[in-house]
Every structure is written in structure tokens, then in C-alpha cells.
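A closer look at the structure
These are the residues of each chain, in order.
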Amino acid sequence: MTDCNKGLVILRSLTTLAIASLISGCAVPFFGGYGANNQSREEFAHHVEEVFRLQNRMTSEVMMLLENNEVERPDALMQAEQHMQQVCADLNEYASRDIDGLSIGLFLSRRVEQSAIDCEQAAQAIKPLLIP
């Protein structure tokens, strides 16, 4: 094998290793844990479930209050709820696909991991607006 061929074999091996590392990086963090708080996989899954429940509860409460005209600032509440829905879109898609038994995919999982805290903060921001 010539030096040029050896170089190509080494380059191919390094390229394959780099691609495998990138692909595995979408599924498993290289350092630390999951999410912004570097939690274990189980802790992160529990946290995401809690965030999903919180944002669903906020949506239900907003709908009830708006339906009964019990809101002092309906425009602000509707805007906050729409913002929450936008920020939590990946989490809702993830939950919907999970419930339907569909494939989740690495990119969607990664987006949920990156947006879980923002979703939780958007849901928490609605709480003060719920007081009539």
C-alpha cells in the first residue's frame, strides 16, 4: 500500500469516527447530563413530563377564564398563552408523537431538551395573569 493510500484509509477512518461522534452526540450528551441543568436521563424525563403537565394546566385555566370572562386583562393573557404554545411546540409535538406511538427522532428530542426550561418559564409567566 502506498503512502497516499495509507493516508486515504486514515482519512476515511477519521471521517467515519467524526460522523459517528456527531450522530451519537444528538442522542447522548458528551459531558454532563441532559437539559440545561445537566440532569440524568430519568430526572430530565420526569422534569419534561412536569413541564408538559404545567403548560397543559395553564392552557386549560386560560381557556376557562376567557370563556367565563373572568380575566382582567384578556389580551395580555391570550398573548402570554400564545407565546407559551409557541415556545412549547416541540414538547407538544414530542408528547403527541409519543402518545400516538410514532417515531420521535433525535432532532426533535434534542429540541425538546434545549427548550424545556423556556417552556416552563413561559408557563410560569401565565400564573400571575390568571388572578381575576
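The following paragraphs examine the structure supplied in this document.

Each value, and the rule that gives it
- Residues numbered from 1 in each chain as written.
- Predicted model: local features only at pLDDT ≥ 70, side-chain atom pairs only at ≥ 80, totals over all residues.
- Heavy atoms only, no water.
- Helix = DSSP H or I, 4+ residues; strand = E, 2+ residues; numbered from the N terminus.
- Buried < 20%, exposed > 50% of the residue type's maximum accessible area, 1.4 Å probe, protein only.
- Contact = heavy atoms within 4.5 Å.
- Areas by Shrake-Rupley, 256 points an atom, 1.4 Å probe, with all protein chains shown as cover.
- Axes fitted to C-alpha atoms, helices over the stretch in contact; angles between N-to-C directions.
- Parallel < 35°, antiparallel > 145°, perpendicular 65-115°, else oblique.
- Left-handed = near helix turned anticlockwise from the far one by under 90°.
- Nonpolar A, V, L, I, M, F, W, Y, C, P; charged D, E, K, R; others polar.
- Disulfide = S-S within 2.5 Å.

1. Quick look at the overall build of the chain
On a plain count of helices and strands, the chain comes out with 5 helices and 0 strands. Along its sequence from the N terminus, the chain presents helices and strands in the succession α-α-α-α-α. Relative to its 132 residues, the chain shows a buried fraction of 27%. When contacts within the chain are restricted to residue pairs at least 6 apart in sequence, those whose partners lie at least 24 apart make up 67%. Accessible area of the chain: about 9100 Å², with a carbon and sulfur share of 57%.

2. Quick word on the packing of helix α3 (residues 74-87) against helix α5 (residues 106-126)
Viewed as axis vectors pointing N to C, α3 and α5 meet at an angle of 165°, and their least axial separation amounts to 9 Å. In terms of orientation, α3 and α5 fall into the roughly antiparallel class. The chirality of how α3 crosses α5 is left-handed. Touching Leu77, Ala80, Glu81, His83, Met84 and Val87 of α3 are Ser115, Asp118, Cys119, Ala122, Ala123 and Ile126, all from α5. Classifying every residue of the contact of α3 with α5 gives 8 nonpolar, 2 polar and 2 charged.

3. Examining the environment of alanine 122
With respect to the helices and strands, the residue alanine 122 is situated in helix α5. C-alpha separation for the pair alanine 122 and glutamine 85, spaced 37 residues apart in sequence, amounts to 8.6 Å. Not counting chain neighbours up to four residues away, the residues in contact with alanine 122 comprise His83, Met84 and Val87.

4. Quick notes on the state of the cysteines
In this structure the tally under the stated criterion is 1 disulfide. The partner cysteine of cysteine 88 in its disulfide is cysteine 119, sulfur to sulfur 1.9 Å. Classification of the bridge connecting cysteine 88 and cysteine 119 rests on its S-S torsion, roughly 105°, and on that basis the disulfide is right-handed. Taken together, the residues cysteine 88 in the loop between α3 and α4 (89-99) and cysteine 119 in helix α5 connect sequence positions 31 residues apart. Summarising the burial analysis for this pair, cysteine 88 and cysteine 119 share the class buried.

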